[in-house]
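A structural walkthrough
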Amino acid sequence: NHNMSLVPVAIGTFGLFAGLTYMATTTSPSAPSAHEITYFDAPGKAEVSRMLFKAANVPFTDTRLSGENFAKLKSTGILPYGSLPTLTEDGKVYAQSHAIERYL
């Protein structure tokens, strides 16, 4: 039981970036209300989001997955676009690293 929707996160004004930027969200009724970044156990695309939380002194859960655990999570259908990183807040799962960074 996951509902997917698009949330506007930024307005671009130049060339290919003109218009609204959206990120996909998936609502999960059983998700915790705390901030949670989910990514592989490596800096990569989630590192800026982790740094933003730390710089703002906002507590968050840093969930780091192995390749095997990612495959299991992906098969549940909870990952928008089937990819990482994700940000989970108040039962919504947000995807796409740059969209998450703009949101934070």
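Residues numbered from 1 in each chain as written. Predicted model: local features only at pLDDT ≥ 70, side-chain atom pairs only at ≥ 80, totals over all residues. Heavy atoms only, no water.

Counting its regular elements, the chain contains three helices and six strands. The burial tally for the chain puts 36% of its 104 residues in the buried class. When contacts within the chain are restricted to residue pairs at least 6 apart in sequence, those whose partners lie at least 24 apart make up 53%. Entry remark: accessible area of the chain is about 6,200 Å², with carbon and sulfur atoms responsible for 58%. (Helix = DSSP H or I, 4+ residues; strand = E, 2+ residues; numbered from the N terminus. Buried < 20%, exposed > 50% of the residue type's maximum accessible area, 1.4 Å probe, protein only. Contact = heavy atoms within 4.5 Å. Areas by Shrake-Rupley, 256 points an atom, 1.4 Å probe, with all protein chains shown as cover.)

On inspection of all chains with the given rule, the structure shows four aromatic pairs. Taken together, a centroid distance of 5.3 Å and an interplanar angle of 65° make the contact between Tyr39 and Phe40 edge-to-face. Look at Phe40 and Phe70: their rings are 5.1 Å apart centre to centre, the planes differ by 65°, and that puts the pair in the edge-to-face class. Highlighted residues: Phe40 in strand E3 (residues 36-40) and Phe70 in helix H2 (residues 67-75), separated in sequence by 30 residues. The exposure class of Phe70 is buried, given its relative accessible area of 17%. An aromatic cluster is present here, built from Tyr39, Phe40 and Phe70 joined pairwise through their rings. (Phe/Tyr/Trp six-rings, centres within 6.5 Å; stacked < 30°, edge-to-face > 60°.)

For the rest of this paragraph, the subject is the nonpolar core. Counting residues in hydrophobic clusters, the biggest one holds 14 residues, and the most contacted among them are Ile37, Phe53, Phe70, Leu79, Leu84 and Leu87. Sorting the residues of this core by element identifies E3 and strand E6 (92-95) as the ones contributing at least two each. (Core = buried A, V, L, I, M, F, W, Y, C linked by side-chain atoms within 4.5 Å.)

As paired strands, E3 and strand E4 (residues 61-65) are joined by five bridges and run parallel to one another. Looking at E4, one finds that Glu36 is bridged to Thr61. Read from E3 through helix H1 (residues 47-55) to E4, the crossover connection turns out right-handed. (Pairing = 2+ DSSP bridges. Right-handed = clockwise from strand over helix to strand, strands pointing away.)

Take the confidence of the model for the chain next. Here the chain averages 76 in pLDDT, while 68% of its residues score no lower than 70. Looking across the chain, the model is least confident in strand E2 (residues 19-27), with a mean pLDDT of 46, and most confident in E3, with 93. Confidence drops under a pLDDT of 50 for residues 8-33, and excluding neighbours within four residues, the segment shows 65 contacts in the predicted structure. (pLDDT = per-residue confidence, 0-100.)

Now for the pattern of salt bridges. Summed over all chains, the structure comprises five salt bridges. Taking the shortest distance from any N to any O, the salt bridge between Arg64 and Asp41 comes out at 3.4 Å. Of the two residues, Arg64 sits in strand E4 while Asp41 sits in the loop between E3 and H1, which places them 23 residues apart along the sequence. Residue Arg64 is classed as partly exposed on the basis of its relative accessible area of 36%. Among the ionic pairs, Lys72 bridges to Glu68, the shortest N-O distance being 3.5 Å. Note that Lys72 and Glu68 are positioned in helix H2 at a spacing of four residues, about one turn of the helix. Several salt bridges share partner residues, and in doing so they unite Asp41, Glu47, Arg50, Asp62 and Arg64 into one network. (Salt bridge = Lys/Arg side-chain N within 4 Å of Asp/Glu carboxyl O.)

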